[in-house]
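Coordinate inspection notes
What follows is the residue order along each chain.
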Amino acid sequence: MRILRAIFGHGSGRIGGVIVCVYLLLAILGLLGLTPHNPITQYRIDRLHAPSAAYWMGTDLFGRDVASRLMAGIGQSFTVAFFSVAVAALAGTILGLAAAWLGRRWDGVVMRIMDVLLAFPAILLALLIVTVAGPGTWTSVVAIGIVYTPIFTRVVRGPALSLKTREFVDAARTFGSSSSYIVTRHLLLNLVAPLTVQVTLALAWALLTEAGLSFLGLGTQPPAASLGLMLSDSRNLMETAPWLMIFPGLAIMISILGFNLLGDALRDILDPRTRSSFA
């Protein structure tokens, strides 16, 4: 409860928290199918209807309700983002802790592999992986997870190297604590704050990467809804049906803004130097 009070007592945290909560609610409703209309049912007689009382955000070229597809698309995009960030956070944390604790050759090998992955722009590396493995939702999860693993590895390794030399770690060794106990109890628990901030920011990047892959036809496949796929389908209808691009574009922009604002707030709140200001 204290962290929630701190978030909503922070200017950007309040805005970001509200945006993220609203999007999470829409994502859950979309995944459960609790939408105004069926997002994949086509009503040819109602194709390209402008926003109205019957269709809040209009309909697309096939007569599908844009609001319903937007809710389903948010659910799909959030699913990919959360699973991919979970993969990246888990793999990066394990590799970062192993590199810091084992050191020497293992540290060199792990970090050189991470450097190679970081040498590629995120979207290009994700495109390469998806092109080789084939398009699809879970392929996107794996690709985005691999792309962002080096960032988590670096976030974990640096502080872990510093914590490894602290007196409480030496004391734990003196009392005969096992390496696994020291790594999980003394290193990992002290990395919760930077990892929390990094996860929040990585969710914004993952949403953007997923939208990019779907826009290029390599992510979520039709007839399922995705924000990037909805943008792609609206490219040739910008003049006749601008709402088809406006609403998905705004959805992507606002969701990324929300996670970035929330991440900035968490960084301030969890930083010991500024924590007292939001207590």
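Refer to the structure printed above.
Anyway, here's the lowdown on the structure attached to this text. (Residues numbered from 1 in each chain as written. Predicted model: local features only at pLDDT ≥ 70, side-chain atom pairs only at ≥ 80, totals over all residues. Heavy atoms only, no water.)

With respect to the overall build of the protein
Threshold: Working definition: helices are DSSP H or I runs of at least four residues, strands are E runs of at least two. Numbering for both runs from the N terminus. Accessibility here uses a 1.4 Å probe with only protein chains present; expressed as a share of the type maximum, an area under 20% marks a residue as buried, one over 50% as exposed, and anything in between as partly exposed. Throughout, a residue-residue contact means that at least one pair of heavy atoms, one from each residue, lies within 4.5 Å. Only the protein chains shown count as covering a residue, and every accessible area follows the Shrake-Rupley method with a 1.4 Å probe. His is not counted, nor are the chain ends; Lys and Arg add positive charge and Asp and Glu add negative charge. Lys charges are placed at NZ, Arg charges at CZ, Asp charges at CG and Glu charges at CD.
For the protein, the helix and strand inventory stands at 11 helices and 0 strands. When its helices and strands are written in sequence order, the protein yields α-α-α-α-α-α-α-α-α-α-α. Projecting the C-alpha coordinates of the protein onto the three principal axes gives extents of approximately 75 × 45 × 30 Å. When each of the 279 residues of the protein is scored for burial, the buried share is 47%. Partitioning the contacts of the protein with sequence separation of at least 6, the portion at a separation of at least 24 is 70%. A total accessible area of about 14000 Å² is found for the protein, and carbon and sulfur atoms account for 68% of it. Distance between charge centroids for the protein: 9 Å, based on 20 positive and 13 negative side chains.

Some thoughts on the pattern of salt bridges
The condition that has to hold: Put simply, a salt bridge is a Lys or Arg side-chain nitrogen that is within 4 Å of an Asp or Glu carboxyl oxygen.
In this structure the tally under the stated criterion is 7 salt bridges. In this structure, D60 engages R69 in a salt bridge whose closest nitrogen and oxygen atoms are separated by 4.0 Å. Where R112 meets D115, a salt bridge forms, and the shortest distance between an N and an O atom there is 2.9 Å. One end of the pair, R112, and the other, D115, are both in helix 4 (residues 104-118), 3 residues apart, so they sit about a helical turn from each other.

Observations concerning the packing of aromatic side chains
For clarity, the threshold we go by: For Phe, Tyr and Trp, rings pair up if their centres lie within 6.5 Å, where Trp contributes its six-membered ring, and each pair is then called stacked (planes under 30 degrees apart), edge-to-face (over 60) or tilted (otherwise).
Under the counting rule described, the total for this entry stands at 5 aromatic pairs. Residues Y23 and F78 carry aromatic rings whose centres are separated by 6.0 Å and whose planes lie at 10° to one another, so their mutual orientation is stacked. Here Y23, found in helix 2 (residues 11-32), pairs with F78, found in helix 3 (residues 66-102); they are 55 residues apart in sequence, far enough to count as distant. Judged by relative accessible area, Y23 falls into the buried class, the value being 8%. Overall, F78 belongs to the buried group, its relative accessible area being 3%. For the ring pair F83 and W138, a centre distance of 5.3 Å and an interplane angle of 75° mean the geometry is edge-to-face.

Observations regarding the environment of A225
Examined against the element boundaries, A225 turns out to sit in the loop between helix 9 (192-215) and helix 10 (227-233). Sequence separation between A225 and V66 is 159 residues, and the spatial gap between their C-alpha atoms is 9.8 Å. Other than its neighbours up to four places away in sequence, A225 contacts R69, A72, G73, Q76 and T220.

Here's the deal with a nonpolar patch on the surface
What counts is decided by this rule: Patches were defined on residues exceeding 30% relative accessible area and lacking a salt bridge, with like-charge contacts within 9 Å and nonpolar side-chain contacts (Val, Leu, Ile, Met, Phe, Trp, Tyr) within 5 Å.
The grouping of I3, L4, F8, V18 and V22 at the surface amounts to a nonpolar patch, some 390 Å² of accessible area in total. Per-element tally for the nonpolar patch: the top contributor is helix 1 (residues 2-8), with 3 residues.

Quick look at empty space enclosed by the protein
Regions of empty space are outlined by a rolling probe, equal in size to a water molecule, passed over the atoms. Let me state the cut-off plainly: Here a cavity denotes a set of grid points, spaced 1 Å apart and computed over the protein atoms alone, in which a 1.4 Å probe fits but from which it cannot get out, and a pocket denotes an open set meeting protein on both sides within 12 Å along at least five of seven lines; residues with an atom within 4 Å of a point are reported as lining. Grid points are joined across faces, edges and corners, and a volume is the space filled by probe spheres set on the points. Three residue categories are used. Nonpolar comprises Ala, Val, Leu, Ile, Met, Phe, Trp, Tyr, Cys and Pro, charged comprises Asp, Glu, Lys and Arg, and polar comprises the others, including Gly.
What the rule picks out here adds up to 1 cavity of 30 Å³ or more. Of the pockets and cavities examined, the largest cavity occupies roughly 30 Å³. Lining of the largest cavity is provided by S77, L207, A211, L227, I252, S255 and I256. Those elements giving two or more residues to the lining of the largest cavity turn out to be helix 9 and helix 11 (243-270). The residue inventory of the lining of the largest cavity, partitioned by class, reads 5 nonpolar, 2 polar and no charged.

Quick word on helix 3
Let me state the cut-off plainly: Given the number of residues in a helix, its expected span is that number minus one, multiplied by 1.5 Å.
In this model, helix 3 (37 residues) spans 52 Å end to end at C-alpha, consistent with the 54 Å of a helix rising 1.5 Å per residue. Counting buried positions along helix 3 gives 28 out of 37 residues, so the element sits mostly inside the fold. Positive phi appears at G103, one or two residues downstream of helix 3, with a value of about 60°.

So, helix 4
To keep things clear, this is the line we draw: Our arc is simply the arc of the directions from the helix axis toward the C-beta atoms.
The terminal C-alpha atoms of helix 4 lie 21 Å apart, and with 15 residues this matches the ideal 21 Å at 1.5 Å per residue to within 8%. Residues of helix 4 that are buried: D107, V110, M111 and M114. Taken down its axis, helix 4 places every buried residue within 90° of arc, on the same side. Away from its buried face by more than 90 degrees, helix 4 exposes R105 and V116. Buried residues along helix 4 sit against helix 3 and helix 6 (137-164).

Focus on the packing of helix 5 (residues 122-133) against helix 6
Quick reminder of the rule: Here an axis means a line fitted to C-alpha atoms, over the contact stretch when the element is a helix, while the angle between two N-to-C directions is reported on a 0 to 180 degree scale. By the definition adopted for this analysis, an angle is roughly parallel if under 35 degrees, roughly antiparallel if over 145, roughly perpendicular if from 65 to 115, and oblique otherwise. Crossing handedness is defined as follows: a turn of the near helix away from the far one that is anticlockwise and smaller than a right angle gives a left-handed crossing, while the clockwise case is right-handed.
Direction vectors running N to C along helix 5 and helix 6 enclose 140°, while the axes themselves pass 9 Å from each other. With respect to each other, helix 5 and helix 6 are oriented oblique. The handedness of the crossing between helix 5 and helix 6 is right-handed. The residues of helix 6 that touch helix 5, namely those facing A122, L125, A126, I129, V130 and A133, are T139, S140, A143, I146, V147 and Y148.

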